[in-house]
Amino acid sequence: MPIASLTDPIVDFAVDVVDAMGLAGVFVLMVLESACIPIPSEATMLFAGFRVAEGEYTLLAAVLVGSLANLVGSWLAYALGYFGRIDILEKHGRKLHVKKSHLEWADRWFERHGDATVFFSRMLPIIRTFISLPAGVARMPFWRFSLFTFAGCVPWVFMLTFIGKQAGEHWEDWKDSLHYVDYAVAAMIVIGIAYLLIRRRRTGQPASESP
């Protein structure tokens, strides 16, 4: 619950923007959310769905705008990773504890599993916000990245908007319930990082070199 209280101002901000700007507000917020700025898409698209129920715009328009905005925001994060790799990671990676072997592992991972990783991560809270950055670092082909990003965004955006539409005036109850999904994903990330760190200490190898 303390985490929820910290995110409430961000949620209120997202709702106010959509309320004031309509679909233009949805576009701006979803671009930011996909560009590594953690504005919860749950609040944006659930409230957009509520507006759909009120006849402000159609379900198709809201889903299309939200998905395209996510794609544009993903391009920004992808470009940051793609063009920042040489200037930041390869030149100064040691200062950030990023080794050449880490970058090579990321390259191999996205070469083998990049399509599925980008597609399914777009339907996971928290992870969906940041996945474009490592995809850019790994130099995943841009057209494949764009295709699977958009394909993964559509189901997530549709689900949230549809729930907001069906919930009507109770959309805020749904929004608050989705906080627990965020908590579960965050806990899984922390557990995964802890596991990799422990395994690294035991084996004496970089965690990222393990399978």
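Residues numbered from 1 in each chain as written. Predicted model: local features only at pLDDT ≥ 70, side-chain atom pairs only at ≥ 80, totals over all residues. Heavy atoms only, no water.

**Q** Looking at this structure, I do not really get the overall build of the protein. What am I missing?
**A** Looking only at helices and strands, the protein features 10 helices and zero strands. Scanning the protein from its N terminus toward the C terminus, one meets helices and strands in the order α-α-α-α-α-α-α-α-α-α. The burial tally for the protein puts 42% of its 211 residues in the buried class. The long-range share in the protein, meaning contacts at least 24 apart out of those at least 6 apart in sequence, stands at 77%. (Helix = DSSP H or I, 4+ residues; strand = E, 2+ residues; numbered from the N terminus. Buried < 20%, exposed > 50% of the residue type's maximum accessible area, 1.4 Å probe, protein only. Contact = heavy atoms within 4.5 Å.)

**Q** What is the right way to read helix H8 (residues 142-167) from this model?
**A** Every α-helix carries 3.6 residues per turn, so stepping three or four residues along brings you back to the same face. The terminal C-alpha atoms of H8, which comprises 26 residues, lie 37 Å apart, in line with the 38 Å expected from a rise of 1.5 Å per residue. Just downstream of H8 lies Gly-168, where phi reads positive at about 60°. (Expected span 1.5 Å × (residues − 1).)

**Q** How do you make sense of the packing of helix H2 (residues 23-34) against helix H3 (residues 41-53) when you look at a structure like this?
**A** When two helices pack together, their arrangement is given by the angle between the helix axes and by the axis-to-axis distance. Between H2 and H3, whose axes approach to 10 Å, the crossing angle comes to 160°. The orientation of H2 with respect to H3, classified from their angle, is roughly antiparallel. By crossing handedness, the relation of H2 to H3 is classed as left-handed. In contact with Val-26, Leu-29, Met-30 and Glu-33 of H2, H3 contributes Ser-41, Thr-44, Met-45 and Ala-48. Looking at the contact of H2 with H3 residue by residue, the class counts come to five nonpolar, two polar and one charged. (Axes fitted to C-alpha atoms, helices over the stretch in contact; angles between N-to-C directions. Parallel < 35°, antiparallel > 145°, perpendicular 65-115°, else oblique. Left-handed = near helix turned anticlockwise from the far one by under 90°. Nonpolar A, V, L, I, M, F, W, Y, C, P; charged D, E, K, R; others polar.)

**Q** Looking at this structure, how should I read the pattern of salt bridges?
**A** When charged atoms on two side chains of opposite charge get close, those side chains can pair. Throughout the structure, instances matching the rule amount to four salt bridges. The shortest N-O distance in the salt bridge between Arg-144 and Asp-115 comes to 2.8 Å. Taken together, the positions of Arg-144 in helix H8 and Asp-115 in helix H5 (residues 100-121) put the pair 29 residues apart, joining distant regions of the chain. Arg-144 gets classed as buried once you look at its relative accessible area, which sits at 17%. (Salt bridge = Lys/Arg side-chain N within 4 Å of Asp/Glu carboxyl O.)

**Q** Could you clarify how one ought to interpret the environment of Gly-168 in this entry?
**A** With respect to the helices, strands and loops of the structure, Gly-168 is situated in the loop between H8 and helix H9 (171-177). Here Gly-168 falls in the buried class, since its relative accessible area comes to 15%. Note: C-alpha distance between Gly-168 and Glu-54 (114 residues apart in sequence) is 8.2 Å.

**Q** Can you walk me through H3 in this structure?
**A** The end-to-end C-alpha distance of H3, which contains 13 residues, comes to 18 Å, matching closely the 18 Å that a straight helix rising 1.5 Å per residue would cover. All buried positions along H3 are accounted for by Ser-41, Glu-42, Ala-43, Thr-44, Met-45, Leu-46, Phe-47, Ala-48, Gly-49, Phe-50, Arg-51 and Val-52. Note on H3: the residue one or two positions beyond its end, Gly-55, has a positive phi of about 85°.

**Q** I tried to follow the packing of aromatic side chains on my own but got confused; where do I start?
**A** Each aromatic ring pair is described using two quantities: the centre-to-centre distance and the angle formed by the ring planes. Taken as a whole, this structure holds eight aromatic pairs when the rule is applied. A ring pair is formed by Phe-47 and Phe-50, whose centres lie 5.8 Å apart and whose planes are at 45°; its orientation type is tilted. Note that Phe-47 and Phe-50 are positioned in helix H3 at a spacing of three residues, about one turn of the helix. For the pair Phe-47 and Phe-50, a shared accessibility class is recorded, and that class is buried. What links up through ring pairs into an aromatic cluster is the set Trp-75, Tyr-78, Tyr-82, Phe-83, Phe-142 and Phe-145. The ring of Tyr-82 is capped by Arg-139, whose NZ or CZ atom sits 4.5 Å from the centre of that ring. (Phe/Tyr/Trp six-rings, centres within 6.5 Å; stacked < 30°, edge-to-face > 60°. Lys NZ or Arg CZ within 6 Å of the ring centre and 35° of its normal.)

Just geometry here; none of it tells us what the structure is for.
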